[in-house]
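As a plain string of letters, each chain reads:
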Amino acid sequence: MTRTIVASATKEIIIGFDQPFCVIGERINPTGRKKLAAEMMAGNFDTVRKDALEQAAAGATMLDINAGVTTVDPNATEPGLLVQTIEIVQELVDLPLAIDSSVTGAIEAALRVAKGRPLVNSVTGEEEKLEAILPLIKKYNVPVVAISNDETGISMDPDVRFAVAKKIVERAADYGIPAHDVVVDPLVMPIGALGDAGRQVFALLRRLREELKVNTTCGLSNISFGLPHRHGINSAFIPMVIGAGMTSAIMNPCRPQEMEAVRGANVLNGTDENCTTWIKTYKDYKPAEGGHAAPASAAVSAPGDAAASNGGRRRGGREARMARG
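The sections below set out a description of the structure shown in this document.

Parameters and conventions
Residues numbered from 1 in each chain as written. Predicted model: local features only at pLDDT ≥ 70, side-chain atom pairs only at ≥ 80, totals over all residues. Heavy atoms only, no water. Helix = DSSP H or I, 4+ residues; strand = E, 2+ residues; numbered from the N terminus. Buried < 20%, exposed > 50% of the residue type's maximum accessible area, 1.4 Å probe, protein only. Areas by Shrake-Rupley, 256 points an atom, 1.4 Å probe, with all protein chains shown as cover. Axes fitted to C-alpha atoms, helices over the stretch in contact; angles between N-to-C directions. Parallel < 35°, antiparallel > 145°, perpendicular 65-115°, else oblique. Left-handed = near helix turned anticlockwise from the far one by under 90°. Contact = heavy atoms within 4.5 Å. Nonpolar A, V, L, I, M, F, W, Y, C, P; charged D, E, K, R; others polar. Arc of directions from axis to C-beta. Phe/Tyr/Trp six-rings, centres within 6.5 Å; stacked < 30°, edge-to-face > 60°. Core = buried A, V, L, I, M, F, W, Y, C linked by side-chain atoms within 4.5 Å.

1. A closer look at the overall build of the chain
Okay, step 1: Assigned secondary structure in the chain consists of 10 helices and 10 strands.
Okay, step 2: Counting all 325 residues of the chain, 58% fall into the buried class.
Okay, step 3: Per element, the accessible surface of the chain, about 12,800 Å² overall, is 54% carbon and sulfur.

2. Focus on the packing of helix α3 (residues 74–92) against helix α4 (residues 104–113)
Okay, step 1: At their nearest, the axes of α3 and α4 sit 8 Å apart, and the two run at 30° to each other. The angle between α3 and α4 falls in the class roughly parallel. Judged by the sense of rotation from one axis to the other, the crossing of α3 with α4 is right-handed. Contact residues: Glu-78, Pro-79, Leu-82, Val-83, Ile-86, Glu-87 and Gln-90 in α3; Gly-105, Ala-106, Ala-109, Ala-110 and Val-113 in α4.
Okay, step 2: Per-class residue counts for the contact of α3 with α4 are eight nonpolar, two polar and two charged.

3. As for helix α1 (residues 34–41)
Okay, step 1: Among all positions of α1, only Leu-36, Ala-37, Glu-39 and Met-40 are buried. Across the axial projection of α1, the buried residues extend over an arc of 165°, all falling on one side. More than 90 degrees from the buried face of α1, the exposed residues found are Lys-34, Lys-35 and Met-41.
Okay, step 2: Tucked inside the fold, the buried residues of α1 contact α2 (46–58), β4 (62–66) and α3.
Okay, step 3: Remark: Gly-43 follows α1 within two positions and exhibits a positive phi of approximately 80°.

4. Overview of the packing of aromatic side chains
Okay, step 1: The tally for this structure, following the rule as stated, stands at two aromatic pairs.
Okay, step 2: Centre to centre, the rings of Phe-202 and Phe-237 are 6.1 Å apart; their planes meet at 35°, and the pair counts as tilted. Residue Phe-202 is found in helix α7 (residues 197–212), and its partner Phe-237 is found in helix α8 (residues 230–244); the two are separated by 35 residues along the sequence. Each member of the pair, Phe-202 together with Phe-237, is buried.

5. Some remarks on the nonpolar core
Okay, step 1: By size, the foremost hydrophobic cluster in this structure holds 51 residues, and its most contacted members are Leu-63 and Val-89.
Okay, step 2: No other element matches helix α6 (residues 158–174), which puts six residues into this core.
Okay, step 3: If we ignore the near neighbours within four places in the chain, the residues touching Leu-63 are Ile-24, Gly-25, Ile-28, Ala-52, Gln-55, Val-89, Val-93, Leu-95, Pro-96, Leu-97 and Ala-98.

Such coordinate-based values are descriptive only and should not be taken to indicate function.
Below you can see the structure in the form of structure tokens.
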């Protein structure tokens, strides 16, 4: 069984087919958030602290940390800012982190200060990226997100995206990195622009699980980009991708409708044993505004918790950075 282990200072999480869905909180990312970018550049981390605490309370399994505040000389600005952001977040919450950057120097600087076993987000199939990032993955013994595009860009053909993913997995093996430490992002396309985007990703996820035997992730809200009431689409998408084999997603855990879908899918998929997390979270259910369940506590549906406590490229560069919800 494929299992990807990530960890904070004291908490180990397992991403896997037999584990609850891993929710990677997306909010600490200045891409598309001008106010947050300006705050971080000015040394103000109040919003970062708020987002870290809120996402942890809402049930995030991990937190994605991005410090890409500018496209002007990010090699100079991003390493120090990413390190500072990670150190602040680690003081507040004990969740594993995803180091989200396209700057190699920033990734390595972050790996030096990140506690436990973070997930690096990300590497693509581009030769330059493979040669820069995979040695760091091996050196620090951490897992990595593999994004299914290369020098030719993002293909609309799912077979091409599968081939790129396979290439990355094989190149990782050349560096001694096992397949269970490669989490593939098959690149979810907006359903409003590509009518069969849903069917494409469901089929691709099954191939990635059955043929490459890898864990998977995505920028969840990509699917609904450009549509009204995006959270309705997102919440319908969640149980369908989980059923097709997806094991994690970068998403906003502060959206109750979407977290209900995650928790419900875990129950129905058999990864919330005895419905324990569902009951703990909703035992005192009261309808909130909009008719969605108001959690009774800050219960976290975290992969591997029962067995686990042990005392890219930036999202702005991913195909769906356009699709933040």
